[in-house]
Amino acid sequence: MTVEAGAATGENKPLLRAVSGEAVWPPPMWLMRQAGRYLPEYREVRAKAGGFINLCTTPEMAAEVTLQPIRRYGMDGAILFSDILMVPWAMGQGLRFAEGEGPVLDPIRDAAGVAALELEKVRERAAPIFETVRLTRAALDQHANKVTLIGFAGSPFTVACYMVEGHGSKDFHTARGMAFNDPALFGRLIRTLVDATIDYLLAQAEAGAEVLMLFDSWAGMLPPSQFRRWVIEPTATIVRALKKLHPSIPIIGFPRLAGPLIGEYAQRTGVNTVAMDTAMDPRFAAATVPANVGLQGNLDPLALIAGGAALEAEARQILAAMRGRPFVFNLGHGIEKITPTENVAQLVRIVRSGG
């Protein structure tokens with residue numbers, strides 16, 4: 001049954017209701033990377049922070065950045081400002097963000113590298129990130145806000161790709177090669193990441209995150225057998241552990257470029273909502289993903305840059321395909337830094353109208 005967003009059914013947070021399995025209309029919305037370089041107010045804070053890691057680990061600044069798109073656009077979700085690579089950083093892997101290059105890590109290629117990871121240090125080193133969650137939640141609650149606070153982590157396979165490769169890549173040849181050539185070693189790294197991710201997300205939930213999201217940005221590079229082993233199985237383990245201690249907290253999974261495996265991912269991982277990437281046909285997802293599992297997505301970020309009639313046509317097609325089921329409007333990948341702010345405002349108006 002579709003429930004209008006203004007109805008006083010359950011807790012009056014549209015996004016929290018939608019990711020918990022309720023068909024809210026108009027659908028709640030937020031955008032991946034909504035707090036970022038396309039916003040002038042973000043660039044001001046970023047300049048004061050100096051390095052990116054310093055911004056992620058200075059709670060007052062990170063909380064401010066998290067809240068900026070809420071103030072500007074009235075999004076239904078505020079996602080913690082951080083990065084998926086803060087988990088390996090918290091375990092002691094060398095990490096820096098080079099200007100124009102993206103993340104650079106000291107690559108892990110052998111058993112000694114995996115053994116050197118300090119799993120027990122995650123909560124201590126990531127404490128400033130959990131403080132950001134507390135500050136953001138307090139700021140939202142102070143005004144009886146209807147905004148849902150989203151915590152997140154990278155999924156083990158995607159994070160492992162960066163840890164092994166040592167940097168971003170188009171194909172993560174070294175990491176994928178390790179999964180085939182030395183699955184025992186790659187499995188140890190994945191298990192370490194599973195344990196670290198569980199602890200990291202539990203701490204976010206304890207600090208006030210109301211929804212948790214797992215980003216598996218590179219899942220679609222794997223063949224089906226490897227997808228099941230390195231994407232579905234670790235995700236299911238994480239979800240079970242989180243639900244054991246926080247049974248009511250909704251979890252969003254983003255298996256980017258999963259294609260026809262999206263239905264199996266939804267069924268086997270136990271996530272409450274599956275995020276669709278740009279290439280996914282929403283009608284296929286709606287027919288494949290169980291009706292009690294929500295969907296999120298999946299506007300092309302380039303349509304958002306284009307704006308105007310092209311943006312309106314694409315957004316309305318997605319809305320038409322999703323009406324009547326649990327759904328959160330979002331992008332199919334992160335917002336681009338050249339996105340005009342007025343186009344985001346246009347998108348908000350379109351979604352709020354319900355299509």
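If you're wondering where the values come from, they're calculated on a predicted model, not measured in any experiment.

Caption draft 1: Summary view of the packing of helix H9 (residues 156-165) against helix H10 (residues 173-181). Interhelical geometry of H9 versus H10 gives an angle of 110 degrees and a closest axis separation of 7 Å. Regarding the angle of H9 to H10, the classification is roughly perpendicular. Together, Phe157, Ala160, Cys161, Val164 and Glu165 of H9 and His173, Thr174, Ala175, Arg176 and Met178 of H10 make up the contact between the two elements. Here the residues of the contact of H9 with H10 sort into six nonpolar, two polar and two charged.

Caption draft 2: Representation of the environment of serine 155. Note that serine 155 resides in the loop between strand S6 (148-154) and H9. As a C-alpha pair, serine 155 and tryptophan 218 span 63 residues in sequence and 9.4 Å in three-dimensional space. Discounting residues that sit within four places of it in the chain, serine 155 has contacts with Leu214, Phe215, Asp216 and Thr235.

Caption draft 3: The arrangement of the layout of surface pockets in detail. Counted as a void, the largest pocket has a volume near 1500 Å³. In terms of lining, the largest pocket is formed by 42 residues, of which the most central are Arg33, Arg37, Phe52, Asp83 and Phe97. Breaking the lining of the largest pocket down by element, the ones donating at least two residues are helix H2 (40-49), strand S4 (95-98) and strand S5 (102-105). Considering every element that reaches the lining of the largest pocket, the biggest residue donor is H2, with three residues. Class assignment of the residues belonging to the lining of the largest pocket gives a composition of 21 nonpolar, 10 polar and 11 charged.

Caption draft 4: Fine view of the pairing of S6. Counting buried positions over the seven residues of S6 gives seven, a clear majority of the element. Sheet topology places strand S3 (residues 77-79) next to S6; three bridges connect them, and they run parallel. Its bridge partner being in S6, isoleucine 79 is matched across the sheet by isoleucine 150. Summarising the sheet, S6 and strand S7 (residues 211-216) pair through five bridges and their orientation is parallel. Residue pairing in the sheet places phenylalanine 152 in a bridge with methionine 213 of S7.

Caption draft 5: Fine view of helix H16 (residues 308-322). Taking 1.5 Å per residue as the helical rise, H16 with its 15 residues ought to reach 21 Å, and the 22 Å between its terminal C-alpha atoms agrees with that figure. For H16, the complete set of buried residues consists of Leu311, Ala315, Ile318, Leu319 and Met322. Summarising the axial view, the buried residues of H16 lie within an arc of 100 degrees, below the 170-degree limit, and thus occupy one face. Residues of H16 that are exposed and point more than 90 degrees away from the buried face comprise Ala309, Gln317 and Ala320. Within two residues after H16, glycine 324 carries a phi angle of roughly 100 degrees, on the positive side.

Caption draft 6: The UniProt feature "binding site: substrate" (unreviewed entry) in the protein, seen in detail. The positions that UniProt labels "binding site: substrate" (unreviewed entry) are, in the present scheme, Arg33, Gln34, Ala35, Gly36, Arg37, Asp83, Tyr162, Ser217 and His333. Spanning 301 residues, the named residues do not form one spatial group; their C-alpha atoms are separated by as much as 22.8 Å. Here the residues from the annotation list that line the largest pocket are Arg33, Gln34, Ala35, Gly36, Arg37, Asp83, Tyr162, Ser217 and His333. By relative accessible area, arginine 37 is classed as exposed at 52%. Setting aside its immediate chain neighbours within four residues, arginine 37 contacts Tyr42, Arg43 and Lys337.

Rules used in this analysis
Every chain begins its residue count from 1, and numbering advances along the sequence as written. Local features in a predicted model are, by the rule used here, given only for residues with pLDDT of at least 70; side-chain atom pairs are given and counted only at 80 or more, and totals for whole chains, interfaces and linings are based on all residues. Hydrogens are left out, water is left out, and the side-chain values use all remaining heavy atoms of the structure. Geometry is summarised by axes, namely lines fitted to C-alpha atoms with helices restricted to the contacting stretch, and by angles between N-to-C directions that run from 0 to 180 degrees. Helix and strand assignments come from DSSP, with helices taken as H or I runs of at least 4 residues and strands as E runs of at least 2, each series counted from the N terminus. Angles are sorted into four bins: roughly parallel if under 35 degrees, roughly antiparallel if over 145, roughly perpendicular if 65 to 115, and oblique for all others. By the convention used here, residues are in contact when the closest approach between their heavy atoms is within 4.5 Å. Following the grouping adopted for this structure description, the nonpolar residues are Ala, Val, Leu, Ile, Met, Phe, Trp, Tyr, Cys and Pro, the charged ones are Asp, Glu, Lys and Arg, and the polar ones are all others, Gly among them. We place a 1 Å grid over just the protein atoms. Points where a 1.4 Å probe fits but has no way out form a cavity, open points with protein on both sides within 12 Å along at least 5 of 7 lines form a pocket, and any residue with an atom within 4 Å of a point lines it. Grid points are joined across faces, edges and corners, and a volume is the space filled by probe spheres set on the points. A simple rule labels every residue: compare its accessible area, found with a 1.4 Å probe on the protein chains alone, to the largest value its type can have, and call it buried under 20%, exposed over 50%, or partly exposed in between. Any two strands with at least two DSSP-identified bridges between them are counted as paired. Expected helix span is computed as 1.5 Å times (number of residues minus one). The arc refers to the directions leading from the helix axis to the C-beta atoms. UniProt positions are given in the numbering used here, feature names are shortened, and annotations may be inferred rather than shown by experiment.

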